[in-house]
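Coordinates in review
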Amino acid sequence: MKTLIYLHGFNSSPQSLKAQLTQRYFDHNSDIKLHIPALPPAPLEAIAVVQQLVEQQGRENLLGFVGSSLGGFYSLYLQHFYASADFTPKVALINPALRPYELLLDYVGENQNLYTGERYYVEPSHMQDLESLIVDPQTYRSTIYLLTQTGDEVLDFKQAVESLRGAKMWIGFQGSHAFDEYQQVLPSILKYMQAKPLNAPL
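Residues numbered from 1 in each chain as written. Predicted model: local features only at pLDDT ≥ 70, side-chain atom pairs only at ≥ 80, totals over all residues. Heavy atoms only, no water.

Helix and strand counts for the chain come out as seven helices and eight strands. Radius of gyration (C-alpha) of the chain: 16 Å, near the 17 Å computed for a compact globule of 202 residues. Overall, the chain is about 45 × 40 × 35 Å in size when its C-alpha atoms are taken along their principal axes. Within the chain, buried positions represent 50% of all 202 residues. Taking all contacts inside the chain whose residues are at least 6 apart in sequence as the whole, residues at least 24 apart take part in 74%. Here the chain displays about 9700 Å² of accessible surface, and carbon together with sulfur accounts for 50% of that area. Put simply, the chain has 14 plus and 20 minus side-chain charges, and the middle of one group is 11 Å from the middle of the other. (Helix = DSSP H or I, 4+ residues; strand = E, 2+ residues; numbered from the N terminus. Rg over C-alpha atoms; globule rule 2.2 N^0.38 Å. Buried < 20%, exposed > 50% of the residue type's maximum accessible area, 1.4 Å probe, protein only. Contact = heavy atoms within 4.5 Å. Areas by Shrake-Rupley, 256 points an atom, 1.4 Å probe, with all protein chains shown as cover. Lys, Arg positive; Asp, Glu negative; His and termini not counted. Charge placed at Lys NZ, Arg CZ, Asp CG, Glu CD.)

Here we take up the sheet that holds strand 2 (residues 33–35). Ordered by their spatial adjacency, six strands build an open sheet running 2-1-3-4-7-8, and the pairing between neighbours is parallel. Two strands lie at the open edges of the sheet, namely strand 2 and strand 8 (168–172), each paired on one side alone. Averaged over all pairs of adjacent strands, the angle between strand axes in this sheet comes to 15 degrees, irrespective of strand direction. Note that strand 1 (residues 3–7) and strand 2 share three bridges and pair parallel. Residue pairing for strand 2: I5 is matched across the bridge by H35. The sheet strands contacting helix 1 (residues 17–29) are strand 1, strand 2, strand 3 (62–68) and strand 4 (90–94), and the helix crosses strand 1 at an angle near 165 degrees. Packed on one face of the sheet, helix 3 (residues 70–82) meets strand 1, strand 3, strand 4 and strand 7 (144–149) and runs near 155 degrees to strand 3. (Pairing = 2+ DSSP bridges. Axes fitted to C-alpha atoms, helices over the stretch in contact; angles between N-to-C directions.)

Let us look at the pattern of salt bridges. Here the structure, examined in full by the defined rule, presents four salt bridges. When the shortest N-O distance is used, the salt bridge between K158 and D156 registers 3.3 Å. (Salt bridge = Lys/Arg side-chain N within 4 Å of Asp/Glu carboxyl O.)

Let us look at helix 7 (residues 186–194). Turning to helix 7, its buried residues number three or more, namely L186, I189, L190, Y192 and M193. Taken end-on, helix 7 shows its buried residues confined to a sector of 160 degrees, consistent with a single buried face. Tucked into the core, helix 7 has its buried residues touching strand 1, helix 1, strand 3, strand 4, strand 7 and strand 8. (Arc of directions from axis to C-beta.)

Looking now at the packing of helix 2 (residues 43–57) against helix 3. Interaxial distance between helix 2 and helix 3 falls to 11 Å at its minimum, and their mutual angle equals 50 degrees. Judged by the angle between their axes, helix 2 and helix 3 are oblique. Relative to helix 3, the crossing made by helix 2 is right-handed. Residues P43, A46, I47, V50, Q51, V54 and E55 of helix 2 lie in contact with helix 3, whose contacting residues are Y74, Y77, L78, F81 and Y82. Here the residues of the contact of helix 2 with helix 3 sort into 10 nonpolar, one polar and one charged. (Parallel < 35°, antiparallel > 145°, perpendicular 65-115°, else oblique. Left-handed = near helix turned anticlockwise from the far one by under 90°. Nonpolar A, V, L, I, M, F, W, Y, C, P; charged D, E, K, R; others polar.)

In structure tokens form, the structure reads like this:
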């Protein structure tokens, strides 16, 4: 069975609305197994959690990643990590944070998870860890689907549109960082993931 991994954003969890909507939609409309791991606040630990999940499910079964906000940044790194001459994982990026090492500077210190209530610290060193995960988003643009809304109050949507030029895009007017009416784009994400994979970088 093919495996798809949903990566939630900063200060979020598998219990977020988008994560749960994605889980229910894929469970009821596909034979793809969707996994939504809980990602630790520390970037390198979050990547390690996903890598362990991929190994448990089998690399040969990996279809790709759906990443929201910070999860979108992680998705691009993991796409490069698992890309080979024979296969490149697909990614769907939902209002992705492509420069989280700048965005999260305001959160250095103690924080509380909105869903679990857990208190945790964002360390200054996490910004350097995030920078170590930077990849060129143009390398595999033929296997990227960007979904963004112009009303995102956290991120400038134009940043993702410019960085990912040449990728498949869905740009919605207005909206928010949470991605309003997200359920309406789920069919297109499923269709994208089910389409015949493209192997070679452009």
